[in-house]
Amino acid sequence: MIAFGPVPSRRLGRSLGINNIPPKVCTYSCVYCQLGRTIKMQVEREAFYDPEDVVRDVQEKVEETKEAGESIDYLTFVPDGEPTLDANLYREIELLQPLGIDVAVISNASLVWRQDVRDALAQADWVSLKVDAASEETWRQVNRPHRRLQLRAIQDGMMAFAEEYDGVLATETMLVNGVNDSEDAMNEVAAFLARLKPDRAYVAIPTRPPAEPWAQAPDEEAVNRAYQIIGKQVDYVEYLIGYEGNTFASTGDVEEDLLSITSVHPMREQAIQGLLERRDAEWTVVERLVAEDQLVEAEHGGHRYYVRRLHRHRDDRE
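Each value, and the rule that gives it
Here the residue index of a chain counts from 1 through its sequence in written order. Restriction of local features to residues with pLDDT of at least 70 applies here, the model being predicted, together with a cutoff of 80 or more for giving and counting side-chain atom pairs; totals for whole chains, interfaces and linings are based on all residues. Calculation of side-chain values draws on the structure's entire complement of heavy atoms; hydrogens and water are dropped beforehand. Paired strands are those between which DSSP finds at least two bridges. In this text, helices come from DSSP runs of H or I with a minimum length of four residues, and strands from runs of E with a minimum of two, each type numbered from the N-terminal end. Between N-to-C directions, angles span 0 to 180 degrees; the directions come from axes that are lines fitted to C-alpha atoms, helices contributing only their stretch in contact. Working rule for contacts: check all heavy atoms of both residues, and any pair within 4.5 Å makes them a contact. Known as pLDDT, the predictor's confidence for each residue is given on a scale from 0 to 100. Residues grouped as a nonpolar core are buried Ala, Val, Leu, Ile, Met, Phe, Trp, Tyr and Cys residues, joined through side-chain atoms within 4.5 Å. With a 1.4 Å probe rolled over the protein chains alone, any residue whose accessible area is under 20% of its type maximum counts as buried; one over 50% counts as exposed, and the rest are partly exposed. Polar contact is the term for a pair of N or O atoms within 3.5 Å; when the atoms are in protein, one must be able to donate a hydrogen and the other to accept it, and sequence-neighboring residues count only if both atoms are side-chain atoms. Here the term cavity refers to a set of points on a 1 Å grid, laid over the protein atoms alone, in which a 1.4 Å probe fits but cannot get out; the term pocket refers to an open set having protein on both sides within 12 Å along at least five of seven lines, with lining residues being those that place an atom within 4 Å of a point. Grid points are joined across faces, edges and corners, and a volume is the space filled by probe spheres set on the points. Residue type decides the class: Asp, Glu, Lys and Arg count as charged, Ala, Val, Leu, Ile, Met, Phe, Trp, Tyr, Cys and Pro as nonpolar, and the leftover types, Gly among them, as polar.

1. Observations regarding the sheet that holds strand β8 (residues 168-174)
Here is step 1 of the chain: Read from one edge to the other, the open sheet built from eight strands follows the order β1-β2-β5-β6-β7-β8-β9-β10, with strand pairing classed as mixed. In the strand order of this sheet, the two ends are held by β1 (3-9) and β10 (237-240), each with one partner. The mean angle between the axes of side-by-side strands here comes to 25°, regardless of whether they run parallel or antiparallel.
Here is step 2 of the chain: Strands in contact with helix α2 (residues 89-96) are β2 (13-18), β5 (74-77) and β6 (102-107); relative to β5, the strand with the most contacts, it is inclined by about 170°.

Okay, structure coming up:
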């Protein structure tokens, strides 16, 4: 099955996934990948499926979804490998456009130095590019790229794409404890993002068993620090830390609202106080959530922030 879902997506609402790459063909073998180590590493693009077959499968899924009374916000290329390895990506997006549903591509950006890849991505309405590191050493540690790839060429390709792209450009930075979560590493990432000027930047952590058991999420202090550093360079920054639910809506339940908001954005002490006052609630709500280990206090730049406790997973696969 090439099309799957739709599934709830923090970034894209109701997303119908398109798996246009066989598992697991990729240009990277990221230490945190939830699919495990890459089975086949390659940088040559090839045709994996007939474009008409891909589109037919998506059309059938769209029809089934509509018949069930459900909505679809995006058709999203998010396969079991790197989507831009698909030589037919341009044609597939072109064939999907008559469906009248926005198309998104979530890419690791490793092939964006190629003009044909940039041309294909330019067809999409929303594109996410991975920026886990901005230095050669850290990039190789966290993403473990194919030996023929060069970070400088990828960065130049990202800059070229950003200049010519008129859709929504997002970036995603996955933090791994002890690998790319230091203040220096985040300053390097933030400096690159300042040049790239994405519409939004996401800060993520591993929330499922990673390819390497040691590739764990940093603590809340490091995640908050990364958010603050990147936030100085990008107007819109958001967490992607795996929480489900009614994140952005006001539920009327101040505890639920606090946990939802702080799973996406750290909140300053003053901001929480303002929220509590508007709801006629007391600071004891925060104290209880901290005592229950659902909220964590974090310091940065002389300010106190509150962050939702990050989910942890066991190192072994069950």
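There's more to say after this.
2. Some details on the confidence of the model for the protein chain
Here is step 1 of the chain: For the protein chain, per-residue confidence averages 87 on the pLDDT scale, and residues scoring 70 or more make up 91% of the total.
Here is step 2 of the chain: Below pLDDT 50 for its whole length, residues 243-251 participates in 22 contacts with residues either more than four positions away or in separate chains.
Here is step 3 of the chain: The low-confidence segment residues 312-318, where pLDDT is below 50, has 18 contacts with residues more than four positions distant or belonging to other chains.

3. What to know about the nonpolar core
Here is step 1 of the chain: The biggest cluster of nonpolar side chains holds 84 residues, and the ones touching the most others in it are Leu-75, Leu-121, Met-158, Leu-193 and Ile-230.
Here is step 2 of the chain: In terms of residue count, the dominant contributor to this core is helix α6 (residues 183-196) (six residues).

4. Looking at unusual backbone geometry
Here is step 1 of the chain: Unlike most non-glycine residues, Lys-197 shows phi in positive territory, near 60°.
Here is step 2 of the chain: Its place among the elements puts Lys-197 in the loop between α6 and β9 (200-204).
Here is step 3 of the chain: Despite not being glycine, Asp-293 has its phi angle at roughly 65°, a positive value.
Here is step 4 of the chain: Along the chain, Asp-293 falls in the loop between α10 (284-291) and β12 (295-300).
Here is step 5 of the chain: The class of Asp-293 is partly exposed, set by a relative accessible area of 40%.

5. A look at the packing of helix α5 (residues 151-164) against α6
Here is step 1 of the chain: Taken N-terminus to C-terminus, the directions of α5 and α6 make an angle of 35°; their axes are 10 Å apart at the nearest point. Residues Gln-155, Met-158, Met-159 and Ala-162 of α5 form the contact with α6, whose own contacting residues are Phe-192, Arg-195 and Leu-196.

6. Quick notes on the side chain of Asn-108
Here is step 1 of the chain: With respect to the element layout, Asn-108 can be found in the loop between β6 and α3 (115-121).
Here is step 2 of the chain: Judged by its relative accessible area of 7%, Asn-108 falls in the buried class.
Here is step 3 of the chain: Only 3.0 Å separates the side chain of Asn-108 from the side chain of Thr-27, close enough to count as a polar contact.
Here is step 4 of the chain: When near neighbours in sequence (up to four residues on either side) are disregarded, Asn-108 contacts Cys-26, Thr-27, Tyr-28, Glu-82 and Lys-130.

7. Comments concerning empty space enclosed by the protein
Any empty space left between atoms is shown by rolling a water-sized probe over those atoms.
Here is step 1 of the chain: In the structure shown here, the tally under the stated rule is one cavity of 30 Å³ or more.
Here is step 2 of the chain: Of all elements in the fold, only α4 (136-143) and α5 reach the threshold of two or more residues within the lining of the largest cavity.
Here is step 3 of the chain: With four residues, the top contributor of residues to the lining of the largest cavity is α5.
Here is step 4 of the chain: Residues that form the lining of the largest cavity fall into these classes: eight nonpolar, three polar and two charged.

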